[in-house]
Amino acid sequence: MRLVWAMPLPGLPIFISCRIRSRCRWSGASMRLIHFFVVLSSTRQIVKEDKALIYDDWKENILPLMDSTFLKLSPDFFSVEQYIAAKSLVASRSFEVDDYHGFGMVPLADLFNHKTGAENVHFTTELSHGDSDNDTDNNDEGNNTSDNKPLPQNSFDDGNLEDPSYLGNDSMILETIIVKGVKAGDEVFNTYGSMGNAGLLHRYGFTEPDNPNDIVNIDLELVLHWSSALFSGRHSRGRLSLWRRLDYHGCVSQNSEYFEISSNGEPQIELLILLYIMLLPEEAYNKLDLIVSTAGNLNETVISLERGMISFGKTSEISKELLLTKIVCDALLALADARESLYGSNSVDNDIDALRSCCISDRKLYHSLMLRVSERMILKKLRNYAAAAAAAAAARSHPTAKGTLSRKKLKRT
Ligand SMILES: C[S@@+](CC[C@H](N)C(=O)[O-])C[C@H]1O[C@@H](n2cnc3c(N)ncnc32)[C@H](O)[C@@H]1O
């Protein structure tokens with residue numbers, strides 16, 4: 001593996017690494033790596049689909065060359081496995097230039113290793129100063145390559161490259177700028193984007209411990225499976241349909257819909273709303289259904305349900321406290337268990353032990369274990385989150401004498 005180490009550097013920017021003639025969107029080393037075996041849910045689906053696509057590619061472009069008696073290529077060097085390995089190397093180092101140019105290798109820009117939230121160098125283009133169109137807005141988890149978030153305006157204040165017009169008006173420049181000082185001898189990092197470990201592993205073949213962008217996905221399929229164990233199919237379909245009519249949906253990738261659990265164990269609000277609606281008593285559900293069927297503007301639908309006023313519409317305005325009833329919290333715990341069961345019979349402690357004793361040079365095993373452990377730790381946090389919310393819900397509905405007393409005491413002081 002190449003690493004970039006800092007030499008004493010004079011100032012900003014450190015160099016102009018590329019000049020091209022078109023409007024471009026540098027979106028970071030961004031294509032996909034394919035060589036993993038224990039990535040779950042939608043990432044596993046994407047890996048499978050990618051493998052099939054690459055195989056088709058190989059069949060179409062490489063196989064005919066091997067059949068050519070004129071070229072006499074050795075099958076030892078042109079197998080599908082070697083094609084995938086070569087494609088992975090290129091993909092993890094290539095940049096999306098623009099729609100016209102597609103992906104390309106960029107001299108020097110691919111030198112840097114990734115570190116979440118602590119990049120030393122940042123790539124940007126001339127247009128970043130005022131043209132937001134330049135920066136990638138591709139933010140879904142599987143696709144996040146937002147390597148080029150807009151830089152602070154003053155990033156360009158120093159140096160004679162403030163005005164790069166001497167390079168010609170029609171030129172495009174990729175600038176590599178120091179955004180955080182590096183001591184001589186330290187490794188120099190770039191950030192490939194805000195990616196969780198599944199995304200990093202899928203695209204680049206590595207993971208980061210304590211990655212704050214890490215998430216776990218809970219598929220809608222899993223939620224429907226949970227619901228089917230408790231309710232009739234009619235009940236689940238009706239509640240799901242009401243949730244959709246309220247204009248909610250999960251995240252969507254490669255034809256599958258899922259909910260994210262963030263690295264601190266907090267579930268996506270759309271999941272809480274779905275569980276809440278799934279678990280509404282029949283009477284409240286019918287009332288809500290009627291209101292939604294007759295309401296003109298759902299964004300302004302404020303609905304009085306058994307636990308208070310819920311303003312459906314803008315998720316930012318919905319109080320999580322109202323949604324987190326005891327039964328919703330129990331549902332979250334059940335979903336965490338169902339999701340956990342997808343890791344097989346090995347306990348999380350087994351996985352932690354295996355990770356501790358695994359050598360980092362065994363890259364596939366090490367990073368797969370890191371992904372498993374980091375996802376399972378998020379599920380543990382989800383359980384803690386649900387348990388704490390359940391306790392808070394219980395305290396709200398049965399305030400204890402102790403609680404009342406301490407509130408009274410607080411009032412007096
Ligand atoms: C654009 S290259 C970075 C330069 C790279 N070190 C090289 O050898 O060319 C991306 C690849 O570097 C490696 N890499 C980057 N950041 C890493 C990190 N924090 N930990 C482990 N490997 C990393 C991964 O193999 C990734 O696919």
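What you see is a predicted model; the values in this text were computed from it and never measured. (Residues numbered from 1 in each chain as written. Predicted model: local features only at pLDDT ≥ 70, side-chain atom pairs only at ≥ 80, totals over all residues. Heavy atoms only, no water.)

Asker: Looking at this structure, how should I read the sheet that holds strand E9 (residues 251-253)?
Answerer: The three strands are arranged E8-E10-E9 in an open sheet whose pairing can be described as antiparallel. The open sheet terminates on both sides in strands that have one partner only, identified here as strand E8 (215-219) and E9. Neighbour to neighbour, the strand axes of the sheet diverge by 45° on average, direction disregarded. Both E8 and strand E10 (residues 256-262) contribute to a ladder of five bridges, which runs antiparallel. Bridge pairing in E10 places Ile218 opposite Phe259. Its contacts with the sheet put helix H12 (residues 363-397) on E8 and E10, and the angle it makes with E8 is roughly 75°. (Pairing = 2+ DSSP bridges. Helix = DSSP H or I, 4+ residues; strand = E, 2+ residues; numbered from the N terminus. Axes fitted to C-alpha atoms, helices over the stretch in contact; angles between N-to-C directions. Contact = heavy atoms within 4.5 Å.)

Asker: Looking at this structure, how should I read the nonpolar core?
Answerer: Membership of the largest hydrophobic core comes to 45 residues, with the highest contact counts inside it found for Val223, Leu275 and Leu332. At the level of secondary structure, the elements contributing two or more residues to this core comprise E8, helix H5 (220-230), helix H6 (233-245), E10, helix H7 (269-278), helix H8 (282-294), helix H10 (326-341) and H12. Setting aside residues up to four positions removed in sequence, Leu275 forms contacts with Val223, Trp226, Val328, Ala331, Leu332 and Leu335. Listed in part, the eight residues of the second largest apolar core include Ala109, Phe112, Val121 and Phe123. (Core = buried A, V, L, I, M, F, W, Y, C linked by side-chain atoms within 4.5 Å. Buried < 20%, exposed > 50% of the residue type's maximum accessible area, 1.4 Å probe, protein only.)

Asker: What am I meant to see in the packing of H7 against H10 here?
Answerer: Relative orientation of the contacting elements H7 and H10 amounts to 115°, with a least axis distance of 9 Å. For the pair H7 and H10, the sense of crossing is right-handed. Along the contact surface, H7 presents Leu271, Leu272, Leu275 and Tyr276, while H10 presents Val328, Ala331, Leu332 and Leu335. Across the contact of H7 with H10, the residue classes tally to eight nonpolar, no polar and no charged. (Left-handed = near helix turned anticlockwise from the far one by under 90°. Nonpolar A, V, L, I, M, F, W, Y, C, P; charged D, E, K, R; others polar.)

Asker: So what exactly am I meant to see when it comes to H5 here?
Answerer: An α-helical segment advances 3.6 residues per turn. Residues three or four places apart therefore align on the same side. Within the span of H5, buried status applies to Leu220, Leu222, Val223, Trp226 and Ser227. Taken down its axis, H5 places every buried residue within 160° of arc, on the same side. Those residues of H5 that are exposed and aimed more than 90 degrees away from the buried face are Glu221, His225 and Ala229. (Arc of directions from axis to C-beta.)

Asker: Help me understand the environment of Ile46 in this model?
Answerer: Position of Ile46 relative to the elements: it lies in helix H1 (residues 41-61). Overall, the relative accessible area of 5% leaves Ile46 in the buried class. Linking Ile46 and His202, residues 156 residues apart in sequence, is a C-alpha distance of 8.8 Å.

Asker: Help me understand the confidence of the model for the protein chain in this model?
Answerer: Close inspection of predicted coordinates is inappropriate in any region flagged by low pLDDT. Here the protein chain shows a mean pLDDT of 76. Residues at 70 or above account for 69%. Low pLDDT (under 50) marks residues 7-41, which in the prediction has 143 contacts with non-local residues, meaning those over four places away or in another chain. Contacts from residues 128-162, a stretch scored under 50 in pLDDT, to residues over four places away or in other chains number 85 contacts. (pLDDT = per-residue confidence, 0-100.)

Asker: Looking at this model, I keep getting lost on the pairing of strand E3 (residues 102-105). Mind explaining?
Answerer: Looking down a regular strand, the side chains alternate between one sheet face and the other. Both strand E2 (residues 94-98) and E3 contribute to a ladder of four bridges, which runs antiparallel. Bridge pairing in E3 places Glu96 opposite Phe103. Connecting the antiparallel pair E2 and E3 is a turn made up of three residues.

Asker: Please explain H8 as it appears in this structure.
Answerer: End to end, H8 covers 18 Å across 13 residues, agreeing with the expected 18 Å (1.5 Å per residue, within 8%). Those residues of H8 that fall on the buried side of the exposure criterion are Ala284, Tyr285, Leu288 and Val292. Taken end-on, H8 shows its buried residues confined to a sector of 100°, consistent with a single buried face. Opposite the packed face of H8, turned more than 90 degrees from it, sit the exposed residues Glu283, Leu290 and Thr294. (Expected span 1.5 Å × (residues − 1).)

Asker: Even after reading the chapter, I still don't get the packing of aromatic side chains, so can you show me in this structure?
Answerer: We describe a pair of aromatic rings using the distance from one ring centre to the other and the angle between the two ring planes. Counted under the stated rule, the structure contains six aromatic pairs. Considering the side-chain rings of Trp243 and Phe259, the 5.8 Å spacing of their centres and the 65° angle between planes classify their relative orientation as edge-to-face. Placement of the pair is Trp243 in helix H6 and Phe259 in strand E10, with a sequence separation of 16 residues. Each member of the pair, Trp243 together with Phe259, is buried. An aromatic cluster of three or more residues is present, and its members are Phe95, Phe112 and Phe123. We note Arg239 situated over the ring of Tyr285; from NZ or CZ to the ring centre the distance is 4.0 Å. (Phe/Tyr/Trp six-rings, centres within 6.5 Å; stacked < 30°, edge-to-face > 60°. Lys NZ or Arg CZ within 6 Å of the ring centre and 35° of its normal.)

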